[in-house]
Each structure stands twice: as C-alpha cells, then as structure tokens.
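Below are the chains, spelled out letter by letter.
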Amino acid sequence: MIMVLIRKSGSGWGESKPRRQKLMIVKPSLWVGLIWGLGVFAGGRCPADVVGSNSAKASPPEMIASPSSATQPTGFPFDPDQAKERTCFQTGKAWSETGNLRSDVAIVYGIDAGLPQRIGTWRDRGYRIHVMTGASWGEYQDYLYGRFDGVNHEDEAQMDRNGHKIGHGGDVYYMCPGENYGKFLCVGIQRALEAGTEAVHLEEPEFWDRAGYSEGFKREWRKYYGEEWQAPDSSVDARWRASKLKYFLYRRALQQVFDYVQAYNQSTGRHVRCYVPTHSLLNYAQWCIVSPESSLARLNGCDGYIAQVWTGTAREPNRFRGEVRSRTFETAFLEYGAMQNLVRATGRSVWYLNDPIEDNGNHDWADYRTNWESTLVASLFQPEVSQYEVAPWPERVFGGRYPRSAPPEERKALPPAYATELQTVINTLNDLKQPRIEWDCGTTGIGVLVSDSLMFQRGEPTPSDPHLGNVYGLAMPLLKRGLPVTPVQLENVMVPHYLDSYHVLFLSYDGQKPLTPEVHAPLVKWVQAGGVLIFCDRDADPYLRVRDWWNSEGKNYTTPREDLFGQLGLKGPVAAEQFHRLGKGGLIWLRERPAQFSASAAGAERIVAAAKLGAEGIGLKWREANYLLLRRGPYIIAAGLDESTEGKPRTLAGHFVNLFDSELRVQTRVTIEPGSRQFLLDLDVAHTGRTHLLASACKALPKKAVPNEISFTVEGVGHTPAIMLLESALAPRSVTLAGKQLESFEYSATEQRLWIRFENAAVARELVVNY
C-alpha cells in the first residue's frame, strides 16, 4: 500500500518548513490514476552562477515564461523527417525568439505546475515534446519535509564527513534516495505524461564521492549489507562498499520511475520512452561522482542516454608526457567514445550533447567558440551516432552577454558570425546519418577497457590518480598518434558481438576492478579468436584487498587478474612486455601501474610500442598520423593533432565549404594543421547537377521545385544573420522572401553556387528562387 498526500486548501506547499498534512492510504492499482494531481514541483532551480552552490555543475535557468511567448504564430510546416528526432535542445522557458532553434525536439525542463503551459508554447510551433527533470536534486521540499508520504526525509540529503549537506543553495540538496524517492519523482512525471510528452529524461543521477555520512545513507547501508555502517574514508574496503551502495541506490530509484512509465504505457497504449542524460564515466570519475552509468542500460524501460559532454567536462586537465593541462578535443573524443560504448550492440540509443558555451560564464566568446568547435568535431568522430542535443539552454547562448566577470558595460552579446555558424552547424547535424563511412587516420580497432568501478576508488583514504592517469595514460599516447582509440565498457563485454570491431584492447585492474567474474569468459573467447589483450598492472592497487568476488565465495585470489590469467590458460611466470600467443590472439603484460605511463614521454612510448607489438602479433597493419579524418557521406570531419608525430600536415584538394565559416566560402585546398578543427562539406561529393540546398543557417524545408522555381519554408532564431548556399546551374532571375524581393544574394557561374543572405525571423516564411 502507498501513502499519498491529499492537499488541504491553502496549505502553502511552497513553504520551506514542514506542515502537518492529511494522509490517505491508496492501493497500488489506483496510484497511476491519482498521483498526477498532487502538484509537487520537482524541477530545476537556478542559473549556472548559483552563489554558495556546493556543486561543480550548473543548474537549469529559471523556468519562467518569456515575454514574447504570448504571441501565437503559426507552427512550422510538417517535416516528414522530424519523427527521427535527429536533433533536440533543452529549455526551462516557454517559447521565445532566442530559443527557436527549430530542432526536431524541444526538451522542456521541469515537472512543476507550469509545465503544461510551457509545453503548449513549443508544441504550438511544431516541435516534438520531451520532458527532462533532475534525478538527484531539485525543488524537492515536499519530499524532504514529509508532505509527500508523511515521513520527514531531511536525513536523506547527501552529507559529507563534516556534517555539511551537499546542495545547490538553500534547501535544494543532492539526495540519498530512500525507498520512496523514485515514487516521489513519479508525481511530476505523471504531469508530464498527462501533458503528452513523448519521452521522459531523468538527468544526472549523482552521488558525490565525499558524501555517505547522512543518517539516511547509514540506514540504507544497514539494509543493503546487513552490518553496521562504516565511515567511507576509514578504509579502502569501506570506500569500496560505500561506492557500490551509491551505485545501487540511484539504479533503484530510476527503476521505480521506469516501471511507473511502463505501467502508464500499458494502461494507455502509448509508448513514452525513458532516457538518462548523464556525464561520461571518465568525467564522473575525475569529478569524484558515483552514478549508475552502464548498469542503467540493463534496466527494464531504459531506452538510452544523452551524452552530456561539453567544454566544461572536456577542458578538465589531464596528464600526458608528464605535462598536466587541458586537452579539450582529445578529452571530448574519449568522453564521447565512452558514451557510445555504453549503448553499442545493446539496442539502446544515445544523443550527443554539444554546448556553444558552458556553465562557467566567465569566459569570452572566442574561448566558447574555439572549445565548442573542438567538442563538436570530437562528437562527429563517432559515426555510429547521428542524434544530437544541439544546446542546453539556448536562451543563454543567443540572449546572454559574457564574460560575466566583466563589468556589465563590457560584456558582449553573441557575435553575429558565431550566431550564423551555430545555426549552419545545427541544421547540418540533421543530415549526419550517412551510409558512407571512411577513416583516414592511424590504425583502427584499438580500445581501452573501462569499468564503472572507476568511480569507486576516488576518495580517501587512498584515492586513485587525480588526473585519471590509469585511463588517459593508456589512451592518450595512441590518440595523439592518430589512432582513434575509444574507451570500451567492461560491463558490456557479455553483450553478443560487442567486441567484434576491436583487435587490440588495453586493460588494467589498477584504479578499477571487474564488478563480476562473468566478464572474463568473453574476454578469453575474444583473445582465442584473434584479439590481443595488453594488461597493464603491477598488482599494487590497495583496493585489491577489498571484500569482493575474487576473494570470497570459494575464491582466494589476491587480484582478479589471477582469475583472468587462469582462464586464459597462463600458468607460472609470464614474461613482461612480450607477445604470448593464445589461440589466434595473444597477451602482453606491462608490469607497471598505468598512471605511470602518463608521467613521462618514455611512458607514452612504452604504450605505443606495446600496441604496435600486439598489432604485429596478429598481422594488423600499423599506421600513425598527426591528424584524424573521417568521411561521413559528403561531410569531412578532421582534426590536426599537437603533441603528435613529426611530418607535414595533411592537405586536401578539391572544392570544400567549411561549415564553421559564416560566409560559406568555397575552398580548393584545406590543410589540417596541428590544433585545427574542420567540419567540411565536400562539394564534389555533394554535386548532383540540379538545384538543391547545400547548407543553411536556418531551418530550410523544401517546398516546391519546378523548372523555373525552387522554394523553401525558412525559420530561425529571431534577429540573427542567415545564409543559404545552393547548388544552382543557372543564375537566378530573382529571390523573394515573404513576398518581398531580396537584393542580398550572390551567384558564381564558375562554381555554380548561389549564396542568399537575410535576417532570420522566428516565424515561418516562404523563400522563392526564380529562374
């Protein structure tokens, strides 16, 4: 049975102090029908520059109606491809000109009482609707103070060892989710369901590593382990067990929500999907946060993720060749790769987030633009992914002024050229699902195995390497030489065909441990079939002593490596840094703690030498490069690498348009210099001989094409400069927009290209080219 609160008139639920409320008992069968009416606000709270926040991450902007949302223009015409949900953005506000990105999906943030109204403003303009809310924090006072179920839950706020609650200011806390927490979230989720959302996103289920001291957590410990609570920083065993419990608690809470949505689907015949927007495993480990990550893909009702990778996560410093600094492109490349490997071969899907700025508002536009281009290009190097969240909070991009640390009169609005570039790229992302995929880079098929337990060893008393050298020390030397190495999720190796595309895998149990012995059999099978496993470990990690499967339940190994080596058939001493033939594949053992490989140039060279030795052992062609290049249909994604191999930069010849160029000028030669990022349209590949759209800084939906005329419905972010580039064999006689003749167009007979320029409007208009 479930206790549900019935609100008394005038009870003042917005107050921060608990009040006595009337409770009634509701049978579970009636829960779905009644819970929606409770009116609990469980949305986000405050903008990114929250004063006094304990979080390293941002909160969503205030969810208030924008002044311009009162107008009701006609929705955009039907786009037959919109159901593919190629692009989306999230917003906490009602529709406005500055938020009108014209993506397929508007993800409306927050599950408060104003949600239906906000949804309506976006749906009226032709957007598909998803809803997002925070999984671990929000305006959850009704849960905290017992107005939800009659039980005070203040002791479920995450707390550090000094008794400080961890939160976003005021009484908005990160929660240690008790047994009723997921049910509480369902109150607001029901409001989203009733408002007609097509999907629910529960973002960032996060438990801080420094937490684990609240009475609520102690209570969960006793129930989960059947023993008295231990302070997480008292021993490596206590830290490990605390992390495993945190990992479980948010998985339990989200399963409650997934089950609720599935029950709703069964009762209504609808198919509302559930997604989890989440940071990458690499970032959560580096920021000392525990989250369920890969385990969510195995929950009933989880349809996938949004990969929350952006400048803020990717500029986190790491160490390579002994130098600690930000490497935004390379870090983002590995983060996106890790997120793609959460879902590959599982049947789930993933969107890649791109953010034109970041949560830290104290940078200038040049910084935001450079880093956005780096993260955007990094995301495009994962050809199996073709869905994108193009911006969180577009209003802060197109309506913000930065840097916020400057005096108000010195803050700058979005540069017009960047506004054009952004919209060109956003609209191009709708076309990234391409059948032709072709790499030009170093050797492919190399990965680094990572486990969710990377997050379990980040706290006292003996935290793992602060720069996550146990991952970056293995991956960065290869990536810097043009090998598109990716993190490979260890928990997923049991998924059929998951390892089929890999030839060489690095693995260490230093800084992480296998959560189950079942992962070893698929690895052994993969090696026997022709893969090379390069094991990097000195058996020196203090966490080898924690109580877990390798030293309990009849096993007495000092390290899980012994179980793996035993299944590989290795007996007695194994010579280091040599290729040991095992079936059609082999093993190489580097007897060193992996973080050490990040400490010097010599350490990086040892990783490259081991990978090359493994490739030679199975006849895999070895190649290095000082760039990465990927063709996706007519598009070319390229990145020049610094800290790389010597050699001349790669030069492309042909006819190209740089989609980062707001003028969309044709280039006949493109050089991939170190540090450069390129997103190109290859005009020779895109050539068809007929008039058609090549690129546009607005939504441009083809309307009519006859011998003497072609027309489009166009719309974009209001008062931003738009450009359209068309292939056109003939010079136009005239161009009209909304019935008015345009003078700002340019035609090149040599290139057979037509450029049309105008100011965007947040309303659908007809653009006609007459010949």
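Residues numbered from 1 in each chain as written. Predicted model: local features only at pLDDT ≥ 70, side-chain atom pairs only at ≥ 80, totals over all residues. Heavy atoms only, no water.

## A closer look at the sheet that holds strand S4 (residues 105-109)
Read once around its circumference, the closed barrel built from 8 strands follows the order S3-S4-S5-S6-S8-S10-S13-S14, with strand pairing classed as parallel. Pairwise comparison of adjacent strand axes, ignoring direction, gives a mean angle of 25 degrees for this sheet. As defined by bridge partners, strand S8 (residues 273-278) adjoins strand S10 (residues 304-307) across 4 bridges and the pair is classed as parallel. By the bridge assignment for S10, Pro-277 is matched with Ile-306. Those strands touched by helix H2 (residues 115-123) are strand S3 (87-91), S4 and strand S5 (128-134), and its axis lies near 165 degrees from that of S4. Sheet contacts for helix H9 (residues 328-343): S8, S10 and strand S13 (349-353); angle to S13, the most-contacted strand, approximately 165 degrees. (Pairing = 2+ DSSP bridges. Helix = DSSP H or I, 4+ residues; strand = E, 2+ residues; numbered from the N terminus. Axes fitted to C-alpha atoms, helices over the stretch in contact; angles between N-to-C directions. Contact = heavy atoms within 4.5 Å.)

## Digging into the packing of helix H10 (residues 365-380) against helix H12 (residues 416-428)
Between H10 and H12, whose axes approach to 12 Å, the crossing angle comes to 15 degrees. Classed by the angle they form, the pair H10 and H12 counts as roughly parallel. Like other packed secondary-structure pairs, H10 and H12 cross with a definite hand, here left-handed. Counting all contacts with H10, which are made through Trp-365, Tyr-368, Arg-369, Trp-372, Glu-373 and Leu-376, the residues of H12 involved are Ala-417, Tyr-418, Glu-421, Leu-422 and Val-425. Of the residues contributing to the contact of H10 with H12, the split by class is 8 nonpolar, no polar and 3 charged. (Parallel < 35°, antiparallel > 145°, perpendicular 65-115°, else oblique. Left-handed = near helix turned anticlockwise from the far one by under 90°. Nonpolar A, V, L, I, M, F, W, Y, C, P; charged D, E, K, R; others polar.)

## Description of the sheet that holds strand S18 (residues 446-450)
Read across the sheet, 6 strands follow the order S19-S18-S20-S21-S23-S22 without closing on themselves; strand pairing throughout is mixed. Two strands lie at the open edges of the sheet, namely strand S19 (486-489) and strand S22 (580-582), each paired on one side alone. Adjacent strand axes in the sheet meet at a mean angle of 30 degrees when their direction is disregarded. Pairing between S22 and strand S23 (residues 585-590): 3 bridges, direction antiparallel. Residue Leu-582 lies in a different strand from S23, and its bridge partner there is Gly-585. Sheet strands in contact with helix H16 (residues 601-617) are strand S20 (504-507), strand S21 (532-536), S22 and S23, and its direction is about 160 degrees off that of S23.

## Topic: the environment of Leu-620
If you trace the backbone, Leu-620 turns up in the loop between H16 and strand S24 (627-632). C-alpha separation for the pair Leu-620 and Gln-678, spaced 58 residues apart in sequence, amounts to 29 Å.

## Observations concerning unusual backbone geometry
Trans peptide bonds make up most of the peptide bonds, and negative phi angles are found at most residues other than glycine. Each neighbour pair has its own omega, and for Tyr-402 with Pro-403 the value is 0 degrees, a cis peptide bond. Relative to the assigned elements, Pro-403 resides in the loop between strand S15 (401-402) and strand S16 (412-413). One non-glycine residue, Leu-664, lies in the positive phi region at around 55 degrees. The residue Leu-664 is located in the loop between strand S26 (650-658) and strand S27 (666-672) in this model. By relative accessible area, which is 0% here, Leu-664 ends up buried. For Gln-752, which is not glycine, the phi torsion reads 55 degrees and is therefore positive. The residue Gln-752 is located in the loop between strand S35 (745-748) and strand S36 (753-759) in this model. (Buried < 20%, exposed > 50% of the residue type's maximum accessible area, 1.4 Å probe, protein only.)

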